[in-house]
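# Understanding the architecture of this molecule
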Protein chains: 2
Amino acid sequence: MTQTRQGKEFKIIGQGIPRVDSVERVNGKAVFSADLTLQGTLHGKILRSPYPHARIKRIDAAKALQLPGVKAVITGADLPPLVQDTANVGGETAVQAGYMRQFLLAEDRALFHGHPVAAVAATTPQIAEDALSLIEVEYEPLPVVDDILEAMKPDSPVIHPELRTKSLAGASKDPTNVALHVVAERGDLAKGFEDADLVIEREYFVDMVHQGYIEPQACTVVVDSDGHMTMYNSTQAAFRQKIQIATLLDMPQSKVKVVPLEIGGGFGGKSPTVPELPTALLALKTGQPVKTVLSRTEVFLATGPAPDSYSYVKIGAKRNGQITALQAKYVLNCGCVPGAGLTINNILVGYSLYKAGAFRFDGYEVVTNKSRTLPYRAPGMPNGAFAIESAMDELAQALGIDPLDLRILNASEDGDIMTDGKKLPSTGLKATLKQVKAHPAWASPLLPGRGRGVAVGMRLEGAGVSSAHITANTDGTFNLVIGSVDLTGTRTTMVQIAAETLGIDVSDISVSVGDTDSVGFTDGSWGSRITYVTGAAVLKAAQETLRQLKERAALRLRVEPSAIEYRDRVFYVADNPEQRISLADLCRANVGQGAGAIIGYGVAGGMQLVSSLAVHVGEVEVDRETGKVYVVKYTAFQNPGLAINPVEVQGQMQGGAAQGVGWALWEGYYWNKGQLVNANFLDYRMPTFLDLPMIDAVFVGEPAKEGPLGVRGVGEISIVPPLPAIGNAISAATGVRMTQAPMTSQRVLSALQQHNGGSSS
Amino acid sequence: MTQTRQGKEFKIIGQGIPRVDSVERVNGKAVFSADLTLQGTLHGKILRSPYPHARIKRIDAAKALQLPGVKAVITGADLPPLVQDTANVGGETAVQAGYMRQFLLAEDRALFHGHPVAAVAATTPQIAEDALSLIEVEYEPLPVVDDILEAMKPDSPVIHPELRTKSLAGASKDPTNVALHVVAERGDLAKGFEDADLVIEREYFVDMVHQGYIEPQACTVVVDSDGHMTMYNSTQAAFRQKIQIATLLDMPQSKVKVVPLEIGGGFGGKSPTVPELPTALLALKTGQPVKTVLSRTEVFLATGPAPDSYSYVKIGAKRNGQITALQAKYVLNCGCVPGAGLTINNILVGYSLYKAGAFRFDGYEVVTNKSRTLPYRAPGMPNGAFAIESAMDELAQALGIDPLDLRILNASEDGDIMTDGKKLPSTGLKATLKQVKAHPAWASPLLPGRGRGVAVGMRLEGAGVSSAHITANTDGTFNLVIGSVDLTGTRTTMVQIAAETLGIDVSDISVSVGDTDSVGFTDGSWGSRITYVTGAAVLKAAQETLRQLKERAALRLRVEPSAIEYRDRVFYVADNPEQRISLADLCRANVGQGAGAIIGYGVAGGMQLVSSLAVHVGEVEVDRETGKVYVVKYTAFQNPGLAINPVEVQGQMQGGAAQGVGWALWEGYYWNKGQLVNANFLDYRMPTFLDLPMIDAVFVGEPAKEGPLGVRGVGEISIVPPLPAIGNAISAATGVRMTQAPMTSQRVLSALQQHNGGSSS
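Now for a quick tour of the structure. Since the model is a prediction, treat every value here as computed from it, not as a measurement.

In this section: helix H19 (residues 722-734) of chain A. All names here are of chain A. For H19, built from 13 residues, the straight-helix expectation of 18 Å at 1.5 Å per residue is met to within 8% by its first-to-last C-alpha distance of 18 Å. Most of H19 is tucked away, with twelve of its 13 residues classed as buried. Every buried residue of H19 is accounted for by Pro722, Leu723, Pro724, Ala725, Ile726, Gly727, Asn728, Ala729, Ile730, Ser731, Ala733 and Thr734. Where H19 ends, the next residue or the one after it, Gly735, has phi of about 80 degrees, a positive value.

And the structure:
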């Protein structure tokens, strides 16, 4: 596929070249954090609370310390005083450092099942494990708050006595579990509903799920004799984690270096540090490298799953389908750490898909005795979309209108004011919906017994800052260092941008992810920002490299830099092309000697946000005896803008859809009075290849007008439509409306039974 | 000591702060190459020729490969075809890649005792060692060329049949062992000697010595599945070695990364790669990390000692001391690798100390069946100074003139044309000589039985290119990355320059040595260029960082950048100092968000050369029964220019003087028909603290006019005067003139016996 941009035809951008790291990924030679064992490494293990809520009355590590091979035990008492209990630590805008730290290592109270209360460093992982059982902890169990709606009631026990509800009206007066209340409204809601011919009103529940990355968190922390700490870990956000660790341990940032190793998935769950804090305390205490590798159970318990939620949607519409009023409530479980406000904003913006005559949104963030919750691919938006896109489907059914036509009728247009008051960038929503409607995925005849559902998702992306630099070698090859951790083929797409700009081959550039010393500050690999923002930084770095090369060529050919042209690895004088020097000769003569190094630095930040849009069509069969849902076809339409590497984009679309379908049908945390009972991959059911059809990834729409390359974020939006798309398909197939995700066989069967008056089919 | 520069008073520059890495150096936690063992590491060992010259007829590794634990054996047959047999590979201007590679791994011939002929990788170092003895090599001994003067004779066997003498006259016609003949002349030499009242004519010999760094070479090479090679090693020149390995293995430079670890001394001897090439071949063959650590014997045999030499000096002078003619010859042993031409040029420039009416210099570089020779602190110059400074002393004695007065009379002046035709930069030679003459080290009364000798050395320094960059953290601390390996306290002096410029404390900046990806091209840590050139790069990086900070402050305070002043960690508007933002607040608001990363890059190269000057006064007692020389006092005068860190400068002066005294009195290779017989620290005698007096380091002279900081190179010049200073002191004490270094007890006793007509005292 040849891509063009502003009339220019690309050679390397737009090619689906294999990942530059594909061989070592496949043969197992890539070094992940658990693979790294430095000399003299001690092994860390973490003792966790069996209680969801308890006072810690006493911790006695004496017996553990007597076990041969045990080098240190740390508890919350080893934490330094927290000097800066500010929010916005390491990019988590709304999270106070104190809560963040409390989650990572308990002090006086255990706040959730799995909360770290102590950690051991020993010469082998087995000894460390043994030592855990020798640590005596005396707990006094406290009342457990394990349900968001219960937690909001005035008579609920309060988890954080100092917590007050933040809202535009200021802080609330009384202690509460409601950390945040966001309100957005527009127009006369009551009148809107009065004007409606039909009103749909529903509640929706989505269970807590885990991001389910392949690689559990692992880290090695080394503190040198001068007090400089180096942290090798599996992170989406090396720079943000550097800031976190420095803040939480009250160290200057210049004393902390984070070296991100290969990462086996993150999906938002590896944004903040997890085992790094107790591991750092062990390293400080022992003076030796300490390595901690979490087990899968620990990952489920205490890393930060995606929040469960309650939603309420009420839509009023005219008989022709025009929406006259839309009211929504959203309650998000932030677990024991308040501060997930950004997620609520995501959901709010998601409601901007449709023009609603009048609108009101109430978003709540509620504290419970559970693990803190974290972003998971398009944070919160699948929960939000499950509500609004299911309600839209129900409205279409009730009105007898094609659900795509209903959406086309109400679709927001570029430049409309969004639910958060800002202007909607270009989305091409209406055109895309029309394209989907005409596509065989939607238009082809449906086999008997099947149901087809459609749902839409929309996000805005491109925040944050990124850095990259390119250095020239003396043989005319180059080295590109990026600040963004590579979760999704980033190194490959970045090297494509650099090679295209420098007019050389991808194989002429080595690319690596820098540590926090070797490259400028770069935000996390999250929010579908990499190709858009880091890509802009790499483009600048390559342009600056080329500028410096032209300047050197000009010096050498004794002309002004403006007189220099470059093509096919040759610099020449525009007026006299015989006056020339090759790229390799220029580098040979002018990098290791003469004026010296050529270094092109690129920084990008504060960019205009760009939209990403996905429309999914799912087709299911439902076994009416068992409630089991078979996904027989699945088509993901998405506008990636200009696709730097179409194969990688397709992979992102398919991966997100697969995760969304898993969430829709199978994945969810099971609780028993605040204790997690399915913290393993046997009882927590993620889809395998056998559970899914081949997901058809279809590109739609135009390159973005925003940004220098026309790209859009692609990683996140594809997880947004699956929950409602599958729910709507189930409804189409069976006539029952699912309002609780995951839509397990049990739940579907139960709904079918209710629908049929309590008797099985 | 408060330093000032152009009227500005420094706060941090000029302070003798302790090394930033001092604690980990002392407690043994610094990671040197031999300390690093990556997971899955194999251990490399090298099989070496016992013959100084032999044809390799057959290598049979079958038995070695059958030994359990042996993973691979490589020989010269594993080398790829050498595509670029060019000179100037990795900064060694005059060395052909082919000769360089031949030295590192023999192909058809062993050219010196210790020449690598094969290498083994095995699971333990012991198995690898055992395997060496199972490799069968059939040698056919060839005639050995082991003496430079014999090697020059027309009937000598020729080592490299293709070698021709390079000179201004072009290449010679016949095969030869003389690789290079440099001639410099000026004036009418015959007339000069005719005009002289007195002529001194002497021959001088200096034995081969080793740099004697504490840490033997060690490296680990890893090749990933995509063919990218990473080399962790002990190197003075990571970037140069990257180029070398890429060239010698015919790889693009983008596929090679060098990670320099802590280094335990180099003194020029760790400029090119040594065990890295066979280790890389083993890593390529096995696909596993391979680590090779040389033994001390291997270091002596085959890493590259400093050349032995022959010198001839003839000086003619008027009775008042004025030199009318000066003729010198210099023959340097380059071992089996031709291309040490730069060293000869150093010596030639060294002859510019004195105005000579007429001058002729003939420099020769001669090939022998010995290890290639390498730079050793002020390469070649101690050999050169031993000749001219001994001859000057003898002339002074013959004329009855104070040796300092003789030098003052003939001293070159700033701007004089040097022996190489270029202009002499500022040296302050005459003033310095006068200062020394008045100093108690020279002027104080001499105790009976003692002798005092003086000698001078002068070098030009500051070639090559360096890079550095500074990134800002969000808390107002900074990270400095330099491309120069730290042999001499470089990190400390560089952080002083950065902290001074940014107006912060040294502890606010972390400093690290980058790998070849993370920072721009930087020349080797050699040639006393670091503080001068890398210092200029760090200064630029800090100035650029400050410029970016001011720009951000201006944006924030809504004024033009030119209106912003900065003092005491606060940016403020010059006209309205209350309009201000602190450094920490600015970084917090403007690095991790907004415009993004702040990165100041500095590149320095093509700088004006700067002189360094040393005058040493040694005082000795000689035991006339044994010939043993006791150094009782030693004073090193040197012009360091502005001393960034005076304690480090003193350390350099004392270290160089100590090494020079070792060379003067004890150190030297002993040979038996091309076989080295003292390849260990028992038989190769380096001075200990007990052998030396406290060396008094005295700063003289003015800051340099060249360069942005007024610094001069300090590392090298202090090894130049000791050989003649000690020789001259022996002459003053005993009346005998030593012309062969080291001036061992045996040689001094023999000279005393000859002087006294063959009978002891």
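Here we come to the sheet that holds strand S27 (residues 629-638) of chain A. All names here are of chain A. With respect to topology, four strands assemble into an open sheet ordered S18-S26-S27-S30, the strand pairing being mixed. Each edge of the sheet is formed by a strand with only one pairing partner; in this case those strands are strand S18 (450-461) and strand S30 (695-699). The average undirected angle you get between the axes of adjacent strands in this sheet is 20 degrees. Sheet topology places S27 next to S30; five bridges connect them, and they run parallel. Note on S30: the bridge partner recorded for Tyr634 is Ile695.

What follows concerns the environment of Ser582(A). Residue and element names in this part refer to chain A. Looking at the element boundaries, Ser582 is found in strand S24 (residues 576-582). Note on Ser582: relative accessible area 23%, which makes it partly exposed. Along the primary structure Ser582 and Tyr572 are separated by ten residues, whereas in three dimensions their C-alpha atoms are 8.4 Å apart. When near neighbours in sequence (up to four residues on either side) are disregarded, Ser582 contacts Arg569 and Val570.

Looking now at the pattern of salt bridges. The tally for this structure, following the rule as stated, stands at 86 salt bridges over all chains. Here Glu262(B) and Arg25(B) are joined by a salt bridge, their closest N and O atoms 2.6 Å apart. Within this pair, whereas Glu262(B) is found in the loop between strand S13 (256-260) and helix H8 (276-286), its partner Arg25(B) is found in helix H1 (residues 22-26), the two being separated by 237 residues in sequence. Its salt-bridge partner being Asp691(B), residue Arg685(B) comes within 3.0 Å of it at the nearest N-O pair. A residue is classified by how much of its surface remains accessible, and Arg685(B), at 34% relative accessible area, is partly exposed. Take Asp691(B): its relative accessible area is 15%, and that puts it in the buried class. Each member of the salt-bridge network shares a partner with another, and the members are Asp21(A), Arg25(A), Glu262(A), Asp486(A) and Arg491(A).

Residues and elements named next belong to chain B. The three strands lie next to each other as S6-S4-S8, forming an open sheet whose pairing is antiparallel. Here the strands that pair on one side only, and so sit at the sheet edges, are strand S6 (109-110) and strand S8 (136-141). For strand S4 (residues 54-60) and S8, the ladder comprises six bridges, and the chain directions are antiparallel. Bridging from a neighbouring strand, Arg55 pairs with Glu140 of S8.

Two numbers describe a pair of aromatic rings. These are the distance of the centres and the angle of the planes. Tallied over the full model, the rule gives 29 aromatic pairs over all chains. Centroid distance Phe300(A) to Tyr684(A): 4.8 Å. Interplanar angle 50 degrees. Geometry classified as tilted. Taken together, the positions of Phe300(A) in helix H9 (residues 296-302) and Tyr684(A) in the loop between strand S29 (675-676) and S30 put the pair 384 residues apart, joining distant regions of the chain. Judged by relative accessible area, Tyr684(A) falls into the buried class, the value being 1%. Ring geometry for Phe239(B) against Phe521(B): centres 5.3 Å apart, planes inclined by 50 degrees, an arrangement best described as tilted. With a gap of 282 residues between them, Phe239(B) in helix H7 (residues 238-248) and Phe521(B) in the loop between strand S21 (509-513) and helix H16 (530-557) connect regions that are remote in the sequence. What makes Phe239(B) buried here is its relative accessible area of 4%. On the accessibility criterion, Phe521(B) (4% relative accessible area) is buried. Cluster of aromatic residues (ring-pair linked, three or more members): Phe300(A), Tyr669(A), Trp671(A), Phe681(A) and Tyr684(A). The cationic tip of Lys370(A) hangs over the ring face of Trp671(A); the distance from NZ or CZ to the ring centre is 4.1 Å. Taking the ring centre of Phe193(B) as reference, the NZ or CZ of Lys314(B) above it sits at 4.3 Å.

Conventions and cut-offs
- Residues numbered from 1 in each chain as written.
- Chains lettered and ligands numbered in written order.
- Predicted model: local features only at pLDDT ≥ 70, side-chain atom pairs only at ≥ 80, totals over all residues.
- Heavy atoms only, no water.
- Helix = DSSP H or I, 4+ residues; strand = E, 2+ residues; numbered from the N terminus.
- Expected span 1.5 Å × (residues − 1).
- Buried < 20%, exposed > 50% of the residue type's maximum accessible area, 1.4 Å probe, protein only.
- Pairing = 2+ DSSP bridges.
- Axes fitted to C-alpha atoms, helices over the stretch in contact; angles between N-to-C directions.
- Contact = heavy atoms within 4.5 Å.
- Salt bridge = Lys/Arg side-chain N within 4 Å of Asp/Glu carboxyl O.
- Phe/Tyr/Trp six-rings, centres within 6.5 Å; stacked < 30°, edge-to-face > 60°.
- Lys NZ or Arg CZ within 6 Å of the ring centre and 35° of its normal.

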